[in-house]
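Analysis of the macromolecular model
Below, each chain spelled out in residue letters.
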Amino acid sequence: QVQLVESGGGLVQPGGSLRLSCAASGRIVLRYVMGWYRQAPGKQRELLAAITSSGNTNYTEAVKGRFTISKDNAKNTVYLQMNSLKPEDTADYYCNLEIISTGYNYWGQGTQVTVSS
């Protein structure tokens, strides 16, 4: 089992920044993909950014150039640095871990981000 705990959400003004964290604990997973998703009210959950165990990253067009995904292997934590935030970035943000060998997914409980003046 893997447990994921997100933190770092909150209220921020347009143009501001936040850094989300996703701390993983439990079983050791060597090959994985970790992703940050968000879900706004009335909308489907969407993938924003992903990082593999080897450090390769990928971003959706909506956040490319504004958001940066990174990881600290020593802390078993993945981060999402969000800059130039817009009101349309308001959503619940979730981290996800996919184990490459099995395809099994784990989700965190989510953290809320509100971008408003």
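Small disclaimer: the values here were computed from a predicted structure and weren't measured. (Residues numbered from 1 in each chain as written. Predicted model: local features only at pLDDT ≥ 70, side-chain atom pairs only at ≥ 80, totals over all residues. Heavy atoms only, no water.)

Of all 6 residues making up strand E8 (residues 77-82), 5 are buried, and the element is well covered by its neighbours. The pairing of strand E3 (residues 18-26) with E8 spans 6 bridges and is classified as antiparallel. For Leu18, the partnering residue across the bridge sits in E8 and is Met82. As paired elements, strand E7 (residues 67-72) and E8 share 6 bridges and run antiparallel to each other. Across the sheet, residue Asp72 finds its bridge partner in E8, namely Thr77. (Buried < 20%, exposed > 50% of the residue type's maximum accessible area, 1.4 Å probe, protein only. Helix = DSSP H or I, 4+ residues; strand = E, 2+ residues; numbered from the N terminus. Pairing = 2+ DSSP bridges.)

Moving on to the pairing of strand E4 (residues 32-39). Judged by how many residues are buried, E4 sits mostly within the fold: 6 of 8 residues are covered. Pairing between E4 and strand E9 (residues 91-99): 8 bridges, direction antiparallel. Each residue of the ladder has a partner; that of Trp36, found in E9, is Cys95. As paired elements, E4 and strand E5 (residues 46-52) share 6 bridges and run antiparallel to each other. Residue pairing in the sheet places Gly35 in a bridge with Ala50 of E5. Here E4 hands over to E5 after 6 residues, with Gly42 in that stretch at a positive phi of 80°.

This next bit is on unusual backbone geometry. One non-glycine residue, Asn76, adopts positive backbone phi at about 50°. Looking at the secondary structure, you find Asn76 in the loop between E7 and E8. The exposure class of Asn76 is partly exposed, given its relative accessible area of 48%.

With 29 residues, the main nonpolar core has Leu80, Met82 and Tyr93 as its most contacted residues. Of all elements in the fold, only strand E1 (2-7), E3, E4, E5, E7, E8, E9 and strand E11 (111-115) reach the threshold of two or more residues within this core. Filtering out sequence-adjacent residues up to four positions away, Met82 remains in contact with Gly16, Ser17, Leu18, Leu20, Arg66, Phe67, Tyr93 and Val113. (Core = buried A, V, L, I, M, F, W, Y, C linked by side-chain atoms within 4.5 Å. Contact = heavy atoms within 4.5 Å.)

Right, let's get into the packing of aromatic side chains. This model, assessed by the stated rule, comprises 2 aromatic pairs. Between the aromatic rings of Tyr104 and Tyr106, the centroid separation amounts to 5.1 Å while the plane-to-plane angle is 65°, which identifies the pairing as edge-to-face. Tyr106 gets classed as buried once you look at its relative accessible area, which sits at 10%. In this arrangement the basic side chain of Arg45 is found over the ring face of Tyr94, its NZ or CZ atom lying 3.8 Å from the centre. When the ring centre of Trp107 is taken as origin, the NZ or CZ atom of Arg45, which lies over that ring, is 4.6 Å away. (Phe/Tyr/Trp six-rings, centres within 6.5 Å; stacked < 30°, edge-to-face > 60°. Lys NZ or Arg CZ within 6 Å of the ring centre and 35° of its normal.)

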